Amino acid sequence: MKAYLNTMGNPWRVFDELMNEFPYELLNRAWRSRAGLYPRVNVWENEKGLAVEAEVAGVDPDKLDVAVDANVLTIKGEKEQADGTRGEFQRSFNLPFELESENITAAVKNGMLTVSIPRKAAEKRKITIAKQ
Amino acid sequence: MSLIKTPEHEVQKVSRLEVTPASRVEESGEAFTLTVELPGVGEKDIELTLENRTLSITAENTVQNFNGHTLVLTEIPEVRYRTAFDLPERVDTTGIQAASRNGLLILTLPKREEVKPRRIAIAAG
């Protein structure tokens, strides 16, 4: 996990870096096969939410698990590997925004998992500053 | 070097990268089972041909385009899967069966009768 050193200067720079640099891999515990991280994904987003397409050929759709916890999306399951052994995989994505845990749609077709997750609506809170 | 001049206004489509799909073969007494991973490929998009004893598989995957969204991470490219297998003599090529399920192409390659394991009866004597 990368640590960002917030030295002097613009304190918000840390957040800019997180946003621009490709924040989706900050937390990643994955089953490492020779092919690298599994499953491979394409990730799209807009202001309403996230769309993820993952390659899951050979994975039993009943054992495929998609979970959302605050801003972390986790895909896990079991796959029979090329050498016949059964492997468990898990891949997590740490996102720069929070996700809804309701209204998630997920479907598998032709070995491709498509997940749509709406963003949590931004809560606007007024912060009161106590007088000293 | 091509002598054909491409008109400038013609958009050239980038041709797909050809990749060899992951595959494995399992053997039983009756047949070989060949499993080829073709994620993003539907049954109708698989080109499966047999020429003499060479089995060829070609397929192009479909990668989704989410309208109104920005692409932020791309690990799955559009590819052309291509592979070929020279089937051994033990395979009865006339009995090959193919099925597609959830991105997997499963081929059953039956063995010729004479190579299937047989029990040999031992006469009492």
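Here the structure is a predicted model, which is why all the values come from computation and not from measurement.

What counts, and at which threshold
- All residue numbers refer to position in the chain's written sequence, counted from 1.
- Chains and ligands are labelled by the order in which they are written, letters from A for the one and numbers from 1 for the other.
- Owing to the predicted nature of the model, reporting of local features is limited to residues with pLDDT of at least 70; listing and counting of side-chain atom pairs is limited to 80 or more, with chain, interface and lining totals taken over all residues.
- Strands are runs of DSSP state E lasting at least 2 residues, helices are runs of H or I lasting at least 4, and numbering of each runs from the N terminus.
- Remark: C-beta atoms are placed from the backbone, and a residue is labelled buried if 20 or more other C-beta atoms sit within 10 Å of its own, exposed if 12 or fewer do, or partly exposed between those counts.
- For the purpose of contact definition, each residue receives a C-beta atom placed from its backbone, and two residues are in contact when these atoms lie within 7 Å.
- When DSSP finds two or more bridges between a pair of strands, those strands are recorded as paired.
- Only the stretch in contact is used when fitting a helix axis, every axis being a line fitted to C-alpha atoms; angles between N-to-C directions are given from 0 to 180 degrees.
- Structurally, a nonpolar core is described as a collection of buried Ala, Val, Leu, Ile, Met, Phe, Trp, Tyr and Cys residues joined by way of C-beta atoms within 7 Å.
- Side-chain classes follow a simple rule in which Ala, Val, Leu, Ile, Met, Phe, Trp, Tyr, Cys and Pro form the nonpolar group, Asp, Glu, Lys and Arg form the charged group, and the remainder, Gly included, forms the polar group.

Digging into the overall build of chain A
Next, step 1: The number of helices and strands found in chain A is 1 helix and 7 strands.
Next, step 2: Taken from the N to the C terminus, the helices and strands of chain A come in the order α-β-β-β-β-β-β-β.
Next, step 3: Here chain A, with 132 residues, has 26% of them falling under the buried criterion.
Next, step 4: Within chain A, contacts between residues at least 6 apart in sequence are counted, and of these 48% link residues at least 24 apart.

What to know about the overall build of chain B
Next, step 1: In terms of helices and strands, chain B carries 0 helices and 9 strands.
Next, step 2: Put simply, chain B runs from its N terminus to its C terminus through helices and strands in the order β-β-β-β-β-β-β-β-β.
Next, step 3: Counting only contacts in chain B whose residues sit at least 6 apart along the sequence, the fraction spanning at least 24 positions is 53%.

Some thoughts on the sheet that holds strand β5 (residues 54-60) of chain B
All names here are of chain B.
Next, step 1: A sheet is described by the order of its strands in space; here 4 strands give the open sequence β1-β7-β5-β4, paired in mixed fashion. Looking at which strands have only one partner, the edges of the open sheet turn out to be β1 (17-19) and β4 (46-51). Across this sheet, the average inter-strand angle for adjacent strands is 20°, counted without regard to direction.
Next, step 2: Note: β1 against strand β7 (residues 79-86), 3 bridges, orientation parallel. The residue of β7 that forms the bridge with Val19 is Tyr81.

Section: the sheet that holds strand β4 (residues 72-80) of chain A
Residues and elements named next belong to chain A.
Next, step 1: Taken together, the 3 strands give an open sheet; going across it, the order is β3-β4-β5, and neighbouring strands pair in antiparallel fashion. Looking at strand neighbours, the two that pair on one side only are β3 (65-69) and β5 (86-94), the edges of this open sheet. This sheet shows a mean twist of 15° between the axes of neighbouring strands, independent of strand direction.
Next, step 2: Strand direction decides the pairing type here: β4 and β5, joined by 9 bridges, are antiparallel. Note that in β5 the partner of Val72 across the bridge is Asn94.

A word on the pairing of strand β6 (residues 105-109) of chain A
On any regular strand, side chains alternate: one points to one face of the sheet, the next to the other face.
Residue and element names in this part refer to chain A.
Next, step 1: Sheet analysis places β6 next to strand β7 (residues 112-118), joined by 5 bridges and oriented antiparallel. Within β7, the position partnered with Ala107 by the bridge is Thr114.
Next, step 2: Where β6 folds back onto β7 in an antiparallel hairpin, the turn is made up of 2 residues, including Asn110, whose phi is positive at roughly 55°.

Points about the nonpolar core
Next, step 1: Core analysis: the largest hydrophobic core is formed by 32 residues, its most contacted members being Leu50, Val52, Ala54 and Val56 of chain A together with Leu38 and Leu105 of chain B.
Next, step 2: Counting residues per element, the ones that place at least two in this core are β1 (41-45), β2 (49-55), β4 and β7 of chain A together with β3 (31-37), β5 and β9 (104-110) of chain B.
Next, step 3: Each residue touching Leu105 of chain B, except ones within four places of it in the same chain, is listed here: Val36, Leu38, Ile46, Ile57, Ala98 and Ser100 of chain B.

So, the interface of chain A and chain B
Next, step 1: Counting residues at the interface gives 20 residues for chain A and 23 residues for chain B.
Next, step 2: Among the secondary structure elements, those contributing two or more residues to the side of chain A that touches chain B are β1, β2 and β7 of chain A.
Next, step 3: With 5 residues, β1 of chain A is the single largest residue contributor to the side of chain A that touches chain B.
Next, step 4: Split by residue class, the side of chain A that touches chain B holds 10 nonpolar, 6 polar and 4 charged.

Focus: the environment of Gln81 of chain A
All names here are of chain A.
Next, step 1: Looking at the element boundaries, Gln81 is found in the loop between β4 and β5.
Next, step 2: Residue classification places Gln81 among the partly exposed positions, given that 16 C-beta atoms sit within 10 Å.
Next, step 3: Sequence spacing of Gln81 and Val59 is 22 residues, and the spatial spacing of their C-alpha atoms is 9.7 Å.

Observations regarding the environment of Glu80 of chain A
Residues and elements named next belong to chain A.
Next, step 1: Position of Glu80 relative to the elements: it lies in strand β4.
Next, step 2: For the pair Glu80 and Asp60, spaced 20 residues apart in the sequence, the C-alpha separation amounts to 9.1 Å.
Next, step 3: Residues in contact with Glu80, not counting those within four places in the same chain, are Gly58 and Arg86.

A look at the pairing of β7 of chain B
Next, step 1: Bridge analysis of β5 of chain B against β7 of chain B gives 7 bridges, and the strand direction is antiparallel. What sits directly across from Ile57 of chain B, in β7 of chain B, is Thr83 of chain B.

Thoughts on unusual backbone geometry
Next, step 1: With a phi close to 55°, Asn103 of chain A is a non-glycine residue in the positive phi region.
Next, step 2: Non-glycine residue Asn52 of chain B carries a positive phi angle of around 55°.
Next, step 3: Checked against the element boundaries, Asn52 of chain B lands in the loop between β4 and β5.
Next, step 4: What makes Asn52 of chain B exposed here is the crowd of 8 C-beta atoms within 10 Å.

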